[in-house]
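Close look at the chain arrangement
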Amino acid sequence: MLSSAPSAQRFIEAQSWFAGVPVALQERLRDEVSAQHADKGTVMMPAGSAVQGWHAVLSGLVMLQSPASQGRASAFIGVPDGEWFGEGSAMKPEPRRYHVVALRPTTLLCLPLPLFATLRETSLGFNQFLVQHLNMRLGQAMTIIEAGRTQSPEHRVALYLSRLFWRSTRRLNLTQEELGQLVGLSRQTVNKVLRVLEGRGIVSLDFGRVAIVDDEALNAYLAATAAR
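Predicted model only: the values in this text are computed from it and were never measured.

What follows concerns the sheet that holds strand β6 (residues 84-85). Pairing between sheet strands relies on hydrogen bonds along the backbone, with the strands arranged either parallel or antiparallel. Pairing in this open sheet of four strands is antiparallel, and the strands run β1-β8-β3-β6 from one edge to the other. This sheet does not close on itself; its edge strands, each paired only once, are β1 (34-38) and β6. As paired elements, β1 and strand β8 (residues 106-112) share five bridges and run antiparallel to each other. Bridge pairing links H37 to T107 in β8. Set on the sheet, helix α4 (residues 113-122) makes contact with β3 (53-59) and β8; between it and β8 the angle comes to about 60°.

Okay, the packing of aromatic side chains next. Counted by the stated rule, this structure contains eight aromatic pairs. When the ring of W17 is compared with that of W84, the centres are 6.5 Å apart and the planes differ by 50°; the resulting orientation is tilted. In this pair, W17 is assigned in the loop between α1 (6-13) and α2 (23-32) and W84 in strand β6, connecting sequence segments 67 residues apart. Every member of this aromatic cluster is reached through a ring pair, and the members are F11, W17, W54, W84, F116, F126 and F129.

The subject of this paragraph is the nonpolar core. Nonpolar side chains tend to gather and get buried jointly when the protein is soluble and globular. Core analysis: the largest hydrophobic core is formed by 41 residues, its most contacted members being V62, F85, V157, L161, L179 and L194. Filtering out sequence-adjacent residues up to four positions away, L194 remains in contact with V157, L161, Q176, L179, V203, L205 and V210. Counting residues in hydrophobic clusters, the runner-up holds 22 residues, among them W54, A56, L58 and L119.

Relative to the 18 Å expected for 13 residues at 1.5 Å per residue, helix α8 (residues 187-199) spans 18 Å between its end C-alpha atoms, a close match to the ideal helical length. Tucked into the core, α8 has its buried residues touching α6 (153-160), α7 (176-183), β9 (203-206), β10 (209-212) and α9 (215-226).

What follows is about α7. Of all the eight residues making up α7, six are buried; the element is thus mostly covered by neighbouring parts of the structure. Listed as buried for α7 are Q176, E178, L179, G180, L182 and V183.

Averaged over every residue, the pLDDT of the chain is 85; the share at 70 or more is 87%. Mean pLDDT values for the elements of the chain range from 77 in strand β5 (residues 75-80) up to 96 in α4.

By secondary structure assignment, the location of E94 is in the loop between α3 (87-90) and β7 (99-102). Classification of E94 as partly exposed rests on a relative accessible area of 27%. Expressed as a C-alpha distance, the spacing of E94 and S49, which sit 45 residues apart in the sequence, is 9.0 Å. Here R97 takes part through its side chain, which lies 2.9 Å from a polar atom of the side chain of E94.

Criteria and thresholds
Residues numbered from 1 in each chain as written. Predicted model: local features only at pLDDT ≥ 70, side-chain atom pairs only at ≥ 80, totals over all residues. Heavy atoms only, no water. Pairing = 2+ DSSP bridges. Helix = DSSP H or I, 4+ residues; strand = E, 2+ residues; numbered from the N terminus. Contact = heavy atoms within 4.5 Å. Axes fitted to C-alpha atoms, helices over the stretch in contact; angles between N-to-C directions. Phe/Tyr/Trp six-rings, centres within 6.5 Å; stacked < 30°, edge-to-face > 60°. Core = buried A, V, L, I, M, F, W, Y, C linked by side-chain atoms within 4.5 Å. Buried < 20%, exposed > 50% of the residue type's maximum accessible area, 1.4 Å probe, protein only. Expected span 1.5 Å × (residues − 1). pLDDT = per-residue confidence, 0-100. Polar contact = N/O pair within 3.5 Å; in protein donor to acceptor, adjacent residues only side chain to side chain.

Take a look at the structure:
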């Protein structure tokens, strides 16, 4: 219940589709959306677990990670605060296919499956939002696949710093180890690329954290490394 969590209630009420749903459904959202807290490194939802609903990162950062294969695990994507994830899982009657791992202390919201289904069945605004969100995730997934198969480490690191993956913030607050986990490269390789980007004035590195200084220069770097 969100009545005792003002920040969570404000988050739900600020969603673009919220004002367009009936008052009774708005009250259900306030009553039925729940919060889950976890420390850094916690697997908040393991692969193979039953899907309970659609999730949003209220605060913190999570990594969607495939289960280990031949001793290695690969990350799909990082999800920062303010973003939803797991809509594909919520729409399919099957166990979750990936781990949801907290990369720092994190609070997740869960919009339960029955309520998710009701919104899909009754709200045009919700469905429009969902389609746009799915389209964004599809674009990210296709880009990850292409970059992993054909592009250089330089391009992959730059890609994971771009607005395709981080729309809401340009101070990513990622450690180089976290970025390496997301990109699928060693910390040493990531550090080497970041130093090049720092030397070009594209990023700044402060206590291991990354901030994007020049988006246009980052886009030019992406175009140049993609052409190699």
